[in-house]
Amino acid sequence: MNSNMYFFEDIIEEIEQGLTGNINISVLAQKANLSVYEFRRIFTFIARIPINEYIRKRRLSLAAAELNQGNCSVSDVALKYGYDTASSFSRAFKEYHGISPTEAKEKSASIKLLSKVGADIITTGGKDISYKIIDDGEFRVCGVCGCSDITDTECCEGVWQDFYDTDYAESLPENEKIYACYINGENSVKCVLGRRDNEDGAKESITIPPSRWVSFQMNTTEDSAVNGFYKDILMQWLNSGGYERNYDLPNIEIYPVLMEDDGFLWEIRIPIKT
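Definitions and cut-offs
- Residues numbered from 1 in each chain as written.
- Predicted model: local features only at pLDDT ≥ 70, side-chain atom pairs only at ≥ 80, totals over all residues.
- Heavy atoms only, no water.
- Helix = DSSP H or I, 4+ residues; strand = E, 2+ residues; numbered from the N terminus.
- Expected span 1.5 Å × (residues − 1).
- Bend = angle between axes of the 7 residues up to and from the residue.
- Buried < 20%, exposed > 50% of the residue type's maximum accessible area, 1.4 Å probe, protein only.
- Polar contact = N/O pair within 3.5 Å; in protein donor to acceptor, adjacent residues only side chain to side chain.
- Core = buried A, V, L, I, M, F, W, Y, C linked by side-chain atoms within 4.5 Å.
- Contact = heavy atoms within 4.5 Å.
- Pairing = 2+ DSSP bridges.
- Axes fitted to C-alpha atoms, helices over the stretch in contact; angles between N-to-C directions.

## Structural notes on helix α10 (residues 223-240)
And step 1. Taking 1.5 Å per residue as the helical rise, α10 with its 18 residues ought to reach 26 Å, and the 25 Å between its terminal C-alpha atoms agrees with that figure.
And step 2. Within α10, the axis deviates most sharply at isoleucine 233, by approximately 30°.
And step 3. Looking only at α10, the buried set comprises Val226, Phe229, Tyr230, Asp232, Ile233, Gln236, Trp237, Leu238 and Ser240.
And step 4. Residue glutamate 222 occupies the N-cap position of α10, its side-chain oxygen lying 3.0 Å from the main-chain nitrogen of alanine 225.
And step 5. Positive phi appears at glycine 242, one or two residues downstream of α10, with a value of about 80°.

## Remarks on the nonpolar core
And step 1. Ranked by size, the top nonpolar core spans 77 residues in total, and within it Ile15, Phe39, Phe89 and Tyr131 carry the most contacts.
And step 2. Among residues more than four places away in sequence, those in contact with phenylalanine 89 are Leu60, Ala63, Leu67, Val74, Val77, Ala78, Tyr83 and Pro101.
And step 3. Val141, Cys181, Val192 and Leu249 belong to the second-largest nonpolar core, a separate cluster that totals 11 residues.

## Section: the sheet that holds strand β4 (residues 177-184)
And step 1. Pairing in this open sheet of 9 strands is antiparallel, and the strands run β1-β2-β7-β9-β8-β4-β5-β3-β6 from one edge to the other. At either end of the open sheet lies a strand with only one pairing partner, and these are β1 (111-114) and β6 (204-208). Put simply, the sheet's adjacent strands are angled 35° from each other on average, direction ignored.
And step 2. The sheet contact formed by strand β7 (residues 211-218) and strand β9 (residues 266-272) spans 7 bridges and is antiparallel.

Geometric descriptors of this kind do not, in isolation, establish any biological role.
The following block contains the structure:
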């Protein structure tokens, strides 16, 4: 199999180029010097997903992104990604995304993206990653500010401790959200923690201009899981969805004030260019 590994990067790119056309698996197998049966088995082993399912989910992923971003019709997108009828497309779409194509056109819709199999094919398989695109106006995060050295084991842990040591943190209503803004420097990460658009008792603030964000949700704060999810976002999602990261703005995490219950939902927002 190692002698064929070189071809798989080209095969993945050929699949990507063919998502709006015809993909002939027999031809792909020939290029890898494998039988169709061998090719299907090896693809599943490498990508951790059968090739037909990979192609289907990649098409539905890109279709959802187009519907969510533009003014295209459902029937046009269905035809573009190989569905003979809008009804068959709608069934497949709802099975994967959990919502209809029409609902996906709403800017606040939660849709999925199966990331493209990466260049490091053996360790980077396709994954389903749910996300929302959010257009937000200018706002401020008001609270506590501090810096974390890039060599720190846990980013901004000291800033979080300082935040909870203040009267400001104790005064937060239970239904509020805590915004954590992470601004990358050359040797440190600046962190601003606090409420949105509320200065009462705040020591520091940061103003975020009108921006577009991609939003992801998690229900665990376990370090390895969070770090792994960030890797999936930055190394797979951004390389698969046709979006470009906006490095001029910070990443933002949004937490409920009450974080005592297991499995609480919190949010990661990555700024993207419009």
